[in-house]
Amino acid sequence: MPGAVRTLCLAALLGALGAGGTELTLELPDSAQRCFHQELESGVKFTLDYQVISGGHYDVDCYVEDPNGKTIYQETKKQYDSFSHHTEVKGVYTFCFSNEFSTFSHKIVYFDFQVGDEPPILPDMNNRVTALTQLESACVTIHEMLKAVIDSQTHYRLREAQDRSRAEELNGRVSYWSVGETLILFMVSIGQVMLLKSFFTEKRPGSGGAGT
């Protein structure tokens, strides 16, 4: 029995960690666009999640096209979003991220592209007519909890990266402001010294005088 418990729990762990999909973080320069292509069968579900980690106002344009060139999803200046769709035709689907509206801000964009439904962690789980045993129910619960942990870790990693980017940007602004204040204080100090010096400078009498 302990061996069976370990086997089922290991299957739950592998099912949570081995779900099909692609995660990628990309740099999107100003006035640029990046597109990705994926060949999919008809009747397959896919999900696209994305979030801007750093750059500008943390927004990006995104659109998805089917193999016929039809736009099935389009959003402008979004910080984050999620889109799910069941394919109707077989072929290459295209999803693009665009920063063409920005002329000076680079963006860092994270996206997660998942294809298909997650396979069941137990054999014939979808076709069973009997209730799950206590052991199987425990493994399903563990699997769902592991999925929640993975999602939470991804969320907190993105938040940490976004907050770090904002902190670095704020630190840079504070540094530039401090340098500017130092230069201004230095120039004001020099001006005050020169002004005080002019007050105490001895004025020589003029060489010309009235004749006797």
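Sequence order as written defines the numbering, with residues in each chain counted from 1. It should be noted that, the model being predicted, local features are given only for residues of pLDDT at least 70 and side-chain atom pairs only at 80 or more, the latter also being counted only at that level, while totals for whole chains, interfaces and linings use all residues. Calculation of side-chain values draws on the structure's entire complement of heavy atoms; hydrogens and water are dropped beforehand.

A few points about the overall build of the chain
Here a helix means four or more residues in a row that DSSP labels H or I, a strand means two or more in a row labelled E, and each is numbered from the N terminus. Counting its regular elements, the chain contains two helices and eight strands. The linear arrangement of helices and strands in the chain, starting from the amino end, is α-β-β-β-β-β-β-β-β-α. Each residue gets one of three labels from its accessible area relative to the maximum for its type: buried under 20%, exposed over 50%, partly exposed in between, using a 1.4 Å probe on protein chains only. Among the 212 residues that make up the chain, the fraction classed as buried is 25%. Residues count as neighbours in contact if any of their non-hydrogen atoms are within 4.5 Å of one another. Taking the intrachain contacts of the chain between residues at least 6 apart in sequence as the baseline, contacts between residues at least 24 apart amount to 76%.

What to know about the nonpolar core
For our purposes a nonpolar core is just a set of buried Ala, Val, Leu, Ile, Met, Phe, Trp, Tyr and Cys residues, chained together by side-chain atoms within 4.5 Å. Formed by 19 residues in total, the largest nonpolar core has its most connected members in Leu 48, Tyr 50, Phe 97 and Phe 111. Contributions of two or more residues to this core are made by β1 (22-28), β3 (45-54), β4 (60-65), β7 (91-98) and β8 (107-115). Among the elements that line this core, the one with the most residues is β3, at four residues.

Brief notes about a nonpolar patch on the surface
Two joining distances apply to patches: 9 Å for like charges and 5 Å for nonpolar side chains (Val, Leu, Ile, Met, Phe, Trp, Tyr), and every residue must have over 30% relative accessible area and no salt bridge. Surface accessibility in these figures is a Shrake-Rupley result with a 1.4 Å probe; residues are shielded only by whichever protein chains are displayed. One side-chain nitrogen of Lys or Arg within 4 Å of one carboxyl oxygen of Asp or Glu is enough to make a salt bridge. Residues Phe 186, Met 187, Ile 190 and Met 194 make up a contiguous nonpolar surface patch of roughly 470 Å² in combined accessible area. You can see Phe 186 is positioned in helix α2 (residues 134-199).

Re the sheet that holds strand β2 (residues 33-40)
Across the sheet, which stays open at both edges, the four strands sit in the order β2-β7-β4-β5 with antiparallel pairing between neighbours. The sheet is open, and its two borders are formed by β2 and β5 (71-78), each paired with just one other strand. Recorded for the sheet is a direction-independent mean angle of 10° between the axes of neighbouring strands. Here five bridges tie β4 to β7, and the two strands are oriented antiparallel to one another. Its bridge partner lying in β7, Asp 61 is registered against Ser 98. For two strands to pair, DSSP has to find at least two bridges joining them. Only the stretch in contact is used when a helix axis is fitted, and all axes are lines through C-alpha atoms; the angle between N-to-C directions ranges over 0 to 180 degrees.

Let's talk about the packing of aromatic side chains
Working definition: rings of Phe, Tyr and Trp (its six-membered ring) pair if their centres are within 6.5 Å, and the pair is stacked with planes under 30 degrees apart, edge-to-face with planes over 60 apart, and tilted otherwise. One pass over the full model with this rule turns up eleven aromatic pairs. Plain terms: the ring middles of Phe 95 and Phe 113 are 4.9 Å apart, the flat faces sit at 15° to each other, and that makes the pair stacked. Of the two residues, Phe 95 sits in strand β7 while Phe 113 sits in strand β8, which places them 18 residues apart along the sequence. The pair formed by Phe 95 and Phe 113 is uniform in burial state, with each residue classed as buried. Ring pairing ties together the aromatic residues Phe 36, Phe 46, Tyr 50, Tyr 73, Phe 83, Tyr 93, Phe 95, Phe 97, Phe 111 and Phe 113, which thus form one cluster. Sitting over a ring, as applied to charges here, requires NZ of Lys or CZ of Arg to be within 6 Å of the ring centre and within 35 degrees of the ring normal. Over the face of the ring belonging to Tyr 58 we find Arg 166, whose NZ or CZ atom lies 4.4 Å from the ring centre.

As for the sheet that holds β8
Taking strand neighbours across the sheet as the criterion, the four strands line up as β1-β8-β3-β6 in an open arrangement whose pairing is antiparallel. Looking at which strands have only one partner, the edges of the open sheet turn out to be β1 and β6 (80-86). Between one strand axis and the next, the sheet turns by 15° as a mean value, whatever way the strands run. Across seven bridges, β1 lies against β8 in antiparallel orientation. Paired with Glu 27 across the strands is Ile 108, a residue of β8. Seen against the sheet, α2 touches β1, β3 and β8 and runs at an angle of roughly 25° to β3.

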